[in-house]
Amino acid sequence: SIPQPKVILFAATSISSSSATIDCDYEDVAGIVEDGGIEYTDDIADPGTEVAGTPSSGHMTVAIASLSSSTVYFYRAFVEVGGEKIYSPWSSFTTA
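Let me sum up the structure you'll find in this document. Source: prediction; values computed, not measured.

Here we look at the overall build of the protein chain
Reasoning step 1: If you tally the helices and strands in the protein chain, you get 0 helices and 8 strands.
Reasoning step 2: The order of helices and strands in the protein chain, counted from the N terminus, is β-β-β-β-β-β-β-β.
Reasoning step 3: Here the C-alpha atoms of the protein chain give a radius of gyration of 13 Å, agreeing with the 12 Å that 2.2 N^0.38 yields for 96 residues.
Reasoning step 4: Counting only C-alpha atoms, the protein chain reaches 45 × 25 × 15 Å along its principal axes.
Reasoning step 5: Going through the 96 residues of the protein chain one by one, you find that 36% of them count as buried.

Right, dumping it as structure tokens:
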């Protein structure tokens, strides 16, 4: 069987009042990751907004813009294999 990729999420960086950057590493032993990105929301009970990333050689950086100031955002990274998304655990950051 082919080993499934594993998403390893790092902290949000470059956080301002309206934007943030998410750095993500992932393990892709079989080289099968097709796509990826992050999902973010200010209400973890509601579906998040997806922002596409460009996974390459086990790393992906995704910029988020148009955020509200002084707000807690929840985010998680994902990679896509065969049309299915594999997610990291949720994490959070607060805008300035």
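Brief notes about the pattern of salt bridges
Reasoning step 1: Throughout the structure, instances matching the rule amount to 2 salt bridges.
Reasoning step 2: Arg-76 serves as the salt-bridge partner of Glu-39, at 3.0 Å between the closest nitrogen and oxygen. Of this pair, Glu-39 sits in strand S3 (residues 35–41) while Arg-76 sits in strand S6 (residues 72–81), placing them 37 residues apart in sequence. Each member of the pair, Glu-39 as well as Arg-76, carries the same accessibility label: buried.
Reasoning step 3: The residue Glu-50 makes a salt bridge to Lys-85 at a minimum N-O spacing of 2.7 Å. Note that Glu-50 is positioned in strand S4 (residues 49–53) and Lys-85 in strand S7 (residues 84–87), a separation of 35 residues in sequence.
Reasoning step 4: Judged by its relative accessible area of 42%, Glu-50 falls in the partly exposed class.
Reasoning step 5: For Lys-85, a relative accessible area of 33% puts it in the partly exposed group.

Quick look at the side chain of Thr-21
Reasoning step 1: One can find Thr-21 in strand S2 (residues 20–27).
Reasoning step 2: Apart from the residues within four sequence positions on either side, Thr-21 is in contact with Ala-11, Ala-12, Thr-13, Ser-14, Thr-61, Val-62 and Ala-63.

Some points on the packing of aromatic side chains
Reasoning step 1: Going through the model one piece at a time under the given rule, you end up with 4 aromatic pairs.
Reasoning step 2: Arranged with centres 5.5 Å apart and planes meeting at 50°, the rings of Tyr-75 and Phe-93 form a pair that is tilted. Residue Tyr-75 is found in strand S6, and its partner Phe-93 is found in strand S8 (residues 91–94); the two are separated by 18 residues along the sequence.
Reasoning step 3: On the basis of relative accessible area, Phe-93 is assigned to the buried category, the value being 5%.
Reasoning step 4: Relative to Tyr-87, the ring of Phe-78 has its centre 5.8 Å away and its plane inclined at 55°; by these criteria the two rings are tilted.
Reasoning step 5: Phe-78 sits in the buried class, given a relative accessible area of 4%.
Reasoning step 6: What links up through ring pairs into an aromatic cluster is the set Tyr-40, Tyr-73, Tyr-75 and Phe-93.
Reasoning step 7: Sitting over the ring of Tyr-87, Arg-76 keeps its end group 3.8 Å from the ring centre.

What counts, and where the lines are drawn
- Residues numbered from 1 in each chain as written.
- Predicted model: local features only at pLDDT ≥ 70, side-chain atom pairs only at ≥ 80, totals over all residues.
- Heavy atoms only, no water.
- Helix = DSSP H or I, 4+ residues; strand = E, 2+ residues; numbered from the N terminus.
- Rg over C-alpha atoms; globule rule 2.2 N^0.38 Å.
- Buried < 20%, exposed > 50% of the residue type's maximum accessible area, 1.4 Å probe, protein only.
- Salt bridge = Lys/Arg side-chain N within 4 Å of Asp/Glu carboxyl O.
- Contact = heavy atoms within 4.5 Å.
- Phe/Tyr/Trp six-rings, centres within 6.5 Å; stacked < 30°, edge-to-face > 60°.
- Lys NZ or Arg CZ within 6 Å of the ring centre and 35° of its normal.

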